[in-house]
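# A closer look at the structure
What follows is each chain in one-letter form.
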Amino acid sequence: MLARSCLRSTRAVGAVRNGAVNTSKRAASTSSSEAASPFRLNMAGSAATAVAIGSMAWYYHLYGTELHAMTPTEEGLHPTKYPWEHAAWTKTFDHQALRRGFQVYQEVCSSCHSLSRIPYRSLVGVTHTVDEAKAMAEENEYDSEPNDEGEIEKRPGKLSDYLPSPYKNDEAARAANNGALPPDLSLIVKARHGGCDYIFSLLTGYPEEPPPGVKLPDGLNFNPYFPGTGIAMARVLYNDLVEYEDGTPASTSQMAKDVVEFLNWSAEPEMDQRKKMGLKVLAITSLLTALSIWVKRYKWSPIKTRKIVYVPPKMGGRPNGH
Amino acid sequence: MGIFDTFTDMLEAALPWGEARAEAAEAEEKDDEKDSGEDSKEEESKDDEPEEEEEEDEPETEDPKEKFEEECKESKQCSPAKHHFDECVERVTGADEGKPVDKKHPNEDCVEEFFHLAHCANQCAAPKLWAALK
């Protein structure tokens with residue numbers, strides 16, 4: 001090893017010597033000792049490298065760091081991830097929780113928020129029985145078809161009617177809420193970053209008092225999770241605000257959890273079916289894969305088991321020598 | 001759709017396990033019939049029930065989220081965040097009471113410190129809370 005590297009180095013020296021001879025031949029007028037100085041030789045390369053590194057550093061300095069146009073306050077506190085049971089791949093909604101959540105919506109939220117995409121019929125078999133849903137629908141009045149005189153009379157609700165909205169229109173809703181529009185909650189879980197976690201945190205996240213130094217305009221309440229931290233909705237959930245028919249202790253966070261799960265259902269009522277369908281797809285695809293492997297084996301078996309035999313031709317009429 | 005439904009319906013009719021129904025369970029009526037047929041023992045025990053309920057003073061529900069988060073704020077995990085928050089509270093409320101104001105940040109608030117503390121407490125309380133809630 002050592003001997004070989006020694007050999008190589010003598011060869012390298014020879015090459016350098018040859019090079020030196022060549023350059024001195026070519027530039028006969030300049031002194032040949034300058035070209036040999038290692039500083040001169042490496043200067044251009046070093047300078048170029050320094051410029052390259054410098055320009056990269058400058059670029060990073062100018063464009064590299066992330067810009068934040070918003071302060072943390074404007075961004076709002078990011079909600080914590082909660083281990084929602086129904087979010088798991090193989091889990092359905094807890095329908096007992098949905099029923100409790102509907103109760104919370106009905107008794108608390110429905111005085112300000114509409115849930116306009118949910119008809120009574122879709123509650124059937126999800127949170128309520130047919131008879132319960134019918135009874136609830138009948139508690140409200142809806143416009144009927146024009147009668148013979150063209151008057152529109154009121155009729156009691158039916159299963160096909162949608163949940164009534166608390167206000168006639170958005171303007172009325174704004175007027176009643178200090179200028180802030182309580183959004184429709186049907187799709188709110190899909191409409192907010194953080195989904196369930198965000199709404200749960202929002203509902204349970206009102207601190208007893210805002211941190212010192214915070215100045216909010218009149219009519220706004222401090223909530224760390226709402227971007228900007230000033231929200232027009234005051235805290236609505238308090239312990240024991242509703243009485244659950246299944247005896248679950250109605251703490252603030254229990255009510256919030258239930259109503260959020262219910263709102264998740266209202267935004268994604270197909271979720272249970274979707275997961276069931278997903279599992280069906282997996283089961284059927286795996287069945288078909290297995291089947292196709294066996295069929296392939298079956299179809300290929302003659303090809304895989306065939307034997308190619310070479311029988312040499314008989315030689316020019318002579319009998320085989322056996 | 002139609003054919004598929006027919007098959008599933010037939011299958012479900014044949015399968016032994018039950019199916020969720022939208023209609024109200026009919027069990028209640030049967031219970032009533034039973035009750036009327038049975039001895040007065042049951043009725044006696046039923047009479048007792050309301051009294052018991054009255055005696056039980058329903059304890060105020062307390063919010064597990066608040067409880068766990070308070071505990072978490074005091075925990076070692078969150079002590080740096082709590083320390084910064086407390087310091088900020090002192091600084092800002094002190095400024096309100098006539099102490100020398102930090103000239104660089106005359107309108108300081110403690111929102112960021114609050115965020116960090118709340119984030120830490122939430123993170124620590126989340127699994128405990130979910131274990132406690134139904």
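Residues numbered from 1 in each chain as written. Chains lettered and ligands numbered in written order. Predicted model: local features only at pLDDT ≥ 70, side-chain atom pairs only at ≥ 80, totals over all residues. Heavy atoms only, no water.

Here we take up the pattern of salt bridges. Applying the stated rule across the entire model yields 14 salt bridges over all chains. With a shortest N-O distance of 3.7 Å, Glu85(A) and Lys91(A) are connected by a salt bridge. Among the salt bridges present, the one from Lys154(A) reaches Asp143(A), with a minimum N-O distance of 2.8 Å. With Lys154(A) in strand 2 (residues 152-156) and Asp143(A) in strand 1 (residues 141-146), this residue pair connects regions lying 11 residues apart in the sequence. In this structure, a network of salt bridges that share partners links the residues Arg100(A), Asp246(A), Asp258(A) and Lys134(B). (Salt bridge = Lys/Arg side-chain N within 4 Å of Asp/Glu carboxyl O. Helix = DSSP H or I, 4+ residues; strand = E, 2+ residues; numbered from the N terminus.)

With that out of the way, let us pick up the confidence of the model for chain A. Residues and elements named next belong to chain A. Of all residues in chain A, 87% attain a pLDDT of 70 or more, and the chain-wide mean is 89. Taken as a whole, residues 12-17 scores under 50 in pLDDT and shows zero contacts with residues more than four places along the chain or in a different chain. Counted against residues more than four places away or in other chains, residues 19-30, with its pLDDT under 50, gives one contact. (pLDDT = per-residue confidence, 0-100. Contact = heavy atoms within 4.5 Å.)

As a further point, take the UniProt feature "binding site: heme c" (unreviewed entry) in chain A. Residues and elements named next belong to chain A. Sites flagged by UniProt as "binding site: heme c" (unreviewed entry) map to Cys109, Cys112, His113 and Met233. The annotated residues occupy 125 residues of the chain but converge on a single region, no pair of C-alpha atoms lying more than 10.8 Å apart. Mapped onto the elements of the fold, cysteine 109 is located in the loop between helix 5 (95-107) and helix 6 (130-138). Given the relative accessible area of 14%, cysteine 109 is considered buried. With respect to the element layout, methionine 233 can be found in the loop between strand 4 (230-231) and helix 10 (252-267). For methionine 233, the contacting residues outside a window of four places in its chain are His113, Leu202, Leu203, Tyr206 and Asn221. (UniProt positions renumbered as here; feature names shortened; annotations may be inferred. Buried < 20%, exposed > 50% of the residue type's maximum accessible area, 1.4 Å probe, protein only.)

Every contact between the two is made by 41 residues of chain A and, on the other side, 32 residues of chain B. Carbon and sulfur atoms supply 63% of the area that chain A and chain B bury against each other, a total of about 2,900 Å² over both sides. Linking chain A to chain B there are one salt bridge. With a shortest N-O distance of 3.8 Å, Asp246(A) and Lys134(B) are connected by a salt bridge. Taken together, the links from chain A to chain B amount to 10 residue pairs in polar contact (both at pLDDT 80 or more). The set of elements that each furnish at least two residues to the side of chain A that touches chain B consists of helix 4 (72-75), helix 9 (195-204) and helix 10 of chain A. Take the side of chain A that touches chain B: its biggest share by element is four residues, from helix 10 of chain A. (Buried area = accessible area lost by both parts, 1.4 Å probe. Polar contact = N/O pair within 3.5 Å; in protein donor to acceptor, adjacent residues only side chain to side chain.)

Inspection of the secondary structure assignment puts Glu108(B) in the loop between helix 5 (79-96) and helix 6 (111-132). A polar side-chain atom of Glu108(B) sits 2.6 Å from a polar atom in the side chain of Arg91(B). Each residue touching Glu108(B), except ones within four places of it in the same chain, is listed here: Gly213(A), Cys88(B), Arg91(B), Val92(B) and Glu113(B).

Such a bond, covalent and formed between the sulfur atoms of two cysteines, is termed a disulfide. All names here are of chain B. Considering all chains together, one arrives at three disulfides over all chains under this definition. The disulfide bridge from cysteine 78 ends at cysteine 120, spanning 2.0 Å between sulfur atoms. Taking the sign of the S-S torsion, about -90 degrees here, the bridge from cysteine 78 to cysteine 120 comes out left-handed. Placement of the pair is cysteine 78 in the loop between helix 4 (64-74) and helix 5 and cysteine 120 in helix 6, with a sequence separation of 42 residues. Of the two residues, cysteine 78 and cysteine 120, both sit in the buried class. A sulfur-sulfur separation of 2.1 Å characterises the disulfide bridge that pairs cysteine 88 with cysteine 110. Because the sign of the S-S torsion sets the handedness, a value of about -95 degrees for the bond joining cysteine 88 and cysteine 110 places this disulfide among the left-handed ones. Taken together, the residues span a long stretch of sequence, with cysteine 88 in helix 5 and cysteine 110 in the loop between helix 5 and helix 6 at a distance of 22 residues. (Disulfide = S-S within 2.5 Å.)

This part covers helix 9 of chain A. Of all 10 residues making up helix 9 of chain A, 10 are buried, and the element is well covered by its neighbours. Gly195(A), Cys196(A), Asp197(A), Tyr198(A), Ile199(A), Phe200(A), Ser201(A), Leu202(A), Leu203(A) and Thr204(A) are the residues of helix 9 of chain A that are buried.

Before going further, it helps to examine the pairing of strand 1 of chain A. All names here are of chain A. Where strand 1 lies against strand 2, four bridges are found, and the strand directions are antiparallel. In the sheet register, proline 146 faces strand 2, and the bridge partner there is isoleucine 152. Counting the residues between successive antiparallel strands, the hairpin from strand 1 to strand 2 contains five residues, one of them, glycine 150, with a positive phi of roughly 85 degrees. (Pairing = 2+ DSSP bridges.)

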